[in-house]
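Read off the chains here:
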Amino acid sequence: MSNKILVTYASRTGSTAEIAEAIGKTLSEGSAQVDVIPMGDVKDLSAYQSVVVGSAIRGSKWLPEAMQFMQTHRSTLAQKRFAMFTVCITMAMKNAENYRSGVLGWVAPVRALAKPVSEGLFAGRLDFSKLPFSWDTFLFRIAVTLGIFPRGDHRDWNAVRTWAEGLK
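Reading the values: rules and limits
Residues numbered from 1 in each chain as written. Predicted model: local features only at pLDDT ≥ 70, side-chain atom pairs only at ≥ 80, totals over all residues. Heavy atoms only, no water. Helix = DSSP H or I, 4+ residues; strand = E, 2+ residues; numbered from the N terminus. Buried < 20%, exposed > 50% of the residue type's maximum accessible area, 1.4 Å probe, protein only. Contact = heavy atoms within 4.5 Å. Areas by Shrake-Rupley, 256 points an atom, 1.4 Å probe, with all protein chains shown as cover. Bend = angle between axes of the 7 residues up to and from the residue. Expected span 1.5 Å × (residues − 1). Phe/Tyr/Trp six-rings, centres within 6.5 Å; stacked < 30°, edge-to-face > 60°. Salt bridge = Lys/Arg side-chain N within 4 Å of Asp/Glu carboxyl O. Pairing = 2+ DSSP bridges.

**Student:** I'm lost on the overall build of the chain in this one. Help?
**Tutor:** Each helix and strand counted, the chain has six helices and eight strands in total. Listed by position from the N terminus, the elements making up the chain come as β-α-β-β-β-α-β-α-α-β-β-α-β-α. Counting every position in the chain, which comprises 168 residues, the buried fraction comes to 48%. Counting contacts in the chain only where the partners sit at least 6 residues apart, residues at least 24 apart contribute 77% of the total. Here the chain displays about 8,700 Å² of accessible surface, and carbon together with sulfur accounts for 53% of that area.

Structure representation (C-alpha coordinates):
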(Lines give C-alpha, C1' and ligand atoms only; values in the text may rest on other atoms or scores of the structure.)
Protein backbone atom coordinates (compact mmCIF):
# COMPACT_ATOMS: atom_id res chain seq x y z
CA MET A 1 0.00 0.00 0.00
CA SER A 2 1.40 3.40 -0.94
CA ASN A 3 1.94 6.14 1.60
CA LYS A 4 -1.04 8.45 1.20
CA ILE A 5 -1.30 11.48 3.47
CA LEU A 6 -4.20 13.83 4.10
CA VAL A 7 -3.51 17.39 5.20
CA THR A 8 -6.79 18.98 6.22
CA TYR A 9 -7.50 22.33 7.79
CA ALA A 10 -10.00 24.88 9.09
CA SER A 11 -9.21 28.48 8.19
CA ARG A 12 -11.08 31.78 8.42
CA THR A 13 -8.84 34.18 6.53
CA GLY A 14 -6.64 31.86 4.47
CA SER A 15 -3.51 31.93 6.63
CA THR A 16 -4.02 28.39 7.96
CA ALA A 17 -4.96 27.16 4.47
CA GLU A 18 -1.67 28.49 3.11
CA ILE A 19 0.27 26.81 5.91
CA ALA A 20 -1.56 23.54 5.14
CA GLU A 21 -0.55 23.89 1.47
CA ALA A 22 3.09 24.41 2.50
CA ILE A 23 2.97 21.33 4.73
CA GLY A 24 1.44 19.31 1.90
CA LYS A 25 4.11 20.49 -0.54
CA THR A 26 6.89 19.53 1.85
CA LEU A 27 5.39 16.09 2.50
CA SER A 28 4.93 15.44 -1.23
CA GLU A 29 8.65 15.96 -1.86
CA GLY A 30 9.16 12.40 -0.63
CA SER A 31 7.46 9.31 -1.99
CA ALA A 32 4.10 10.14 -0.42
CA GLN A 33 0.95 11.07 -2.26
CA VAL A 34 -0.54 14.06 -0.43
CA ASP A 35 -4.02 15.56 -0.59
CA VAL A 36 -4.59 19.01 0.93
CA ILE A 37 -8.31 19.47 1.52
CA PRO A 38 -10.47 21.80 3.66
CA MET A 39 -12.07 19.89 6.53
CA GLY A 40 -15.56 20.54 5.27
CA ASP A 41 -14.77 18.58 2.11
CA VAL A 42 -13.37 15.49 3.87
CA LYS A 43 -15.84 12.64 4.22
CA ASP A 44 -13.71 9.49 4.53
CA LEU A 45 -10.24 8.87 5.94
CA SER A 46 -9.93 5.21 4.97
CA ALA A 47 -7.61 5.86 1.99
CA TYR A 48 -5.00 7.61 4.15
CA GLN A 49 -2.20 6.11 6.21
CA SER A 50 -1.47 9.47 7.88
CA VAL A 51 -3.60 12.51 8.65
CA VAL A 52 -2.36 16.00 9.45
CA VAL A 53 -5.07 18.25 10.90
CA GLY A 54 -4.75 21.99 11.48
CA SER A 55 -6.84 24.89 12.65
CA ALA A 56 -6.64 28.55 13.39
CA ILE A 57 -7.33 29.70 16.94
CA ARG A 58 -10.31 31.96 17.66
CA GLY A 59 -11.43 32.75 21.18
CA SER A 60 -8.65 30.61 22.69
CA LYS A 61 -9.74 27.42 20.92
CA TRP A 62 -9.71 25.62 17.59
CA LEU A 63 -12.42 26.64 15.13
CA PRO A 64 -15.76 24.86 15.67
CA GLU A 65 -15.58 22.93 12.40
CA ALA A 66 -12.13 21.63 13.36
CA MET A 67 -13.42 20.35 16.68
CA GLN A 68 -16.39 18.77 14.90
CA PHE A 69 -14.00 17.06 12.48
CA MET A 70 -12.01 15.69 15.42
CA GLN A 71 -15.18 14.44 17.15
CA THR A 72 -16.47 12.82 13.97
CA HIS A 73 -13.20 11.07 13.10
CA ARG A 74 -11.67 10.47 16.54
CA SER A 75 -11.83 6.65 16.41
CA THR A 76 -10.31 6.56 12.93
CA LEU A 77 -7.58 9.07 13.85
CA ALA A 78 -6.64 6.94 16.86
CA GLN A 79 -5.71 4.15 14.43
CA LYS A 80 -3.69 6.28 12.02
CA ARG A 81 -0.50 8.29 12.19
CA PHE A 82 -1.99 11.61 13.28
CA ALA A 83 -0.29 15.00 13.58
CA MET A 84 -1.80 18.38 14.31
CA PHE A 85 -0.89 22.01 13.82
CA THR A 86 -2.27 25.20 15.23
CA VAL A 87 -2.03 28.71 13.80
CA CYS A 88 -2.29 31.51 16.33
CA ILE A 89 -1.28 35.18 16.22
CA THR A 90 -0.42 34.91 19.92
CA MET A 91 2.74 33.12 18.80
CA ALA A 92 3.83 36.35 17.08
CA MET A 93 3.70 38.41 20.28
CA LYS A 94 6.86 39.66 21.94
CA ASN A 95 8.23 36.87 24.13
CA ALA A 96 5.99 34.35 22.31
CA GLU A 97 7.70 31.44 24.07
CA ASN A 98 6.17 32.71 27.32
CA TYR A 99 2.72 32.08 25.80
CA ARG A 100 3.49 28.71 24.24
CA SER A 101 2.24 26.65 27.19
CA GLY A 102 -0.97 28.68 27.27
CA VAL A 103 -1.63 28.10 23.59
CA LEU A 104 -0.84 24.41 23.99
CA GLY A 105 -3.43 24.39 26.78
CA TRP A 106 -6.01 25.83 24.40
CA VAL A 107 -5.60 22.79 22.15
CA ALA A 108 -5.73 20.24 24.98
CA PRO A 109 -9.31 19.32 23.94
CA VAL A 110 -7.93 18.26 20.55
CA ARG A 111 -5.25 16.11 22.18
CA ALA A 112 -7.94 14.54 24.36
CA LEU A 113 -9.67 13.25 21.22
CA ALA A 114 -6.61 11.81 19.47
CA LYS A 115 -2.97 11.60 20.53
CA PRO A 116 -0.75 13.27 17.91
CA VAL A 117 2.69 11.98 16.98
CA SER A 118 3.69 15.63 16.52
CA GLU A 119 2.28 19.11 17.11
CA GLY A 120 3.16 22.20 15.12
CA LEU A 121 2.48 25.62 16.59
CA PHE A 122 2.82 28.54 14.20
CA ALA A 123 2.26 32.27 14.21
CA GLY A 124 -0.21 33.41 11.59
CA ARG A 125 -1.14 36.46 9.60
CA LEU A 126 -3.33 39.21 11.02
CA ASP A 127 -5.25 40.94 8.27
CA PHE A 128 -8.32 42.82 9.49
CA SER A 129 -9.59 43.23 5.94
CA LYS A 130 -10.37 39.48 5.97
CA LEU A 131 -12.10 39.43 9.35
CA PRO A 132 -15.81 40.18 9.71
CA PHE A 133 -16.63 43.10 11.95
CA SER A 134 -18.04 41.95 15.29
CA TRP A 135 -17.72 42.86 18.95
CA ASP A 136 -14.89 40.32 19.29
CA THR A 137 -12.94 41.70 16.33
CA PHE A 138 -13.54 45.23 17.62
CA LEU A 139 -11.94 44.28 20.94
CA PHE A 140 -9.17 42.52 19.05
CA ARG A 141 -8.52 45.69 17.03
CA ILE A 142 -8.14 47.61 20.28
CA ALA A 143 -5.59 45.04 21.50
CA VAL A 144 -3.65 45.49 18.24
CA THR A 145 -3.81 49.28 18.55
CA LEU A 146 -2.43 48.96 22.09
CA GLY A 147 0.45 46.88 20.72
CA ILE A 148 -0.59 43.65 22.44
CA PHE A 149 -0.93 41.72 19.18
CA PRO A 150 1.13 42.44 16.07
CA ARG A 151 -0.50 43.21 12.74
CA GLY A 152 0.82 41.65 9.54
CA ASP A 153 2.18 38.32 8.35
CA HIS A 154 4.25 36.51 10.97
CA ARG A 155 4.32 33.04 9.45
CA ASP A 156 7.75 31.42 9.62
CA TRP A 157 7.89 29.30 6.47
CA ASN A 158 11.18 27.69 7.51
CA ALA A 159 9.61 26.54 10.78
CA VAL A 160 6.60 25.15 8.89
CA ARG A 161 8.84 23.28 6.45
CA THR A 162 11.11 21.94 9.21
CA TRP A 163 8.11 20.66 11.16
CA ALA A 164 6.61 19.02 8.06
CA GLU A 165 9.95 17.37 7.20
CA GLY A 166 9.91 15.82 10.65
CA LEU A 167 6.65 14.08 9.77
CA LYS A 168 8.17 12.13 6.87
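**Student:** Help me out: how do you make sense of helix 2 (residues 64–77) in this one?
**Tutor:** Working note: α-helix, 3.6 residues per turn, so residues spaced by three or four point in the same direction. By the largest-angle criterion, Gln71 marks the main kink of helix 2, which is about 40 degrees. All buried positions along helix 2 are accounted for by Ala66, Met67, Phe69, Met70, His73 and Leu77. Structurally, helix 2 contributes buried residues whose contacts are with strand 1 (4–10), strand 3 (50–58), strand 4 (61–62), strand 5 (81–87) and helix 4 (108–113).

**Student:** Before we go on, may I ask you to explain helix 1 (residues 15–28) in this structure?
**Tutor:** Along its 14 residues, helix 1 runs 20 Å from first to last C-alpha, staying within 8% of the 20 Å computed at 1.5 Å per residue. Buried within helix 1 are the following residues: Ser15, Thr16, Ala17, Ile19, Ala20, Ile23, Gly24, Thr26 and Leu27.

**Student:** Would you take a moment to explain the packing of aromatic side chains for this structure?
**Tutor:** Geometry of an aromatic ring pair is reported as the spacing of the ring centres plus the angle between the planes. Applying the stated criterion across every chain yields a total of three aromatic pairs. Here a set of aromatic residues connected by ring pairs shows up, and it is made of Phe85, Phe122 and Trp163.

**Student:** Hey, could you run me through unusual backbone geometry in this one?
**Tutor:** Excluding glycine, a negative phi dihedral is what most residues carry, and trans is how most peptide bonds are arranged. Despite not being glycine, Ser60 shows a phi value in the positive range, around 65 degrees. Among the structural elements, Ser60 can be located in the loop between strand 3 and strand 4.

**Student:** Looking at this structure, how should I read the pattern of salt bridges?
**Tutor:** Opposite charge on two side chains lets them pair, provided their charged atoms get close. The full count for this structure, using the stated rule, is eight salt bridges. Ionic pairing is found between Arg12 and Glu65, a salt bridge with its closest N-O pair at 2.5 Å. Separated by 53 residues along the polypeptide, Arg12 in the loop between strand 1 and helix 1 and Glu65 in helix 2 bring together distant segments of the chain. Its salt-bridge partner being Arg155, residue Asp153 comes within 2.6 Å of it at the nearest N-O pair. Assessed through its relative accessible area of 10%, Arg155 is described here as buried. Bridged by salt links that share partners, the residues Glu18, Arg125, Asp153 and Arg155 form one connected network.

**Student:** I tried to follow the pairing of strand 3 on my own but got confused; where do I start?
**Tutor:** Side-chain positions along a regular strand alternate between the two faces of the sheet. Burial of strand 3 is extensive: eight of the nine residues sit out of reach of the surface. Where strand 3 lies against strand 5, seven bridges are found, and the strand directions are parallel. Bridge pairing in strand 5 links Gly54 to Phe85. The sheet contact formed by strand 3 and strand 4 spans two bridges and is antiparallel. Following the sheet pairing, Arg58 is matched in strand 4 by Lys61. Hairpin connection between strand 3 and strand 4: a loop of two residues separates the two successive antiparallel strands, and Gly59 in this loop has a positive phi of roughly 60 degrees.

**Student:** What am I meant to see in the environment of Pro109 here?
**Tutor:** Tracing the chain through its elements places Pro109 in helix 4. Considering only alpha carbons, one finds Pro109 and Met67, 42 residues apart in sequence, at a separation of 8.4 Å.

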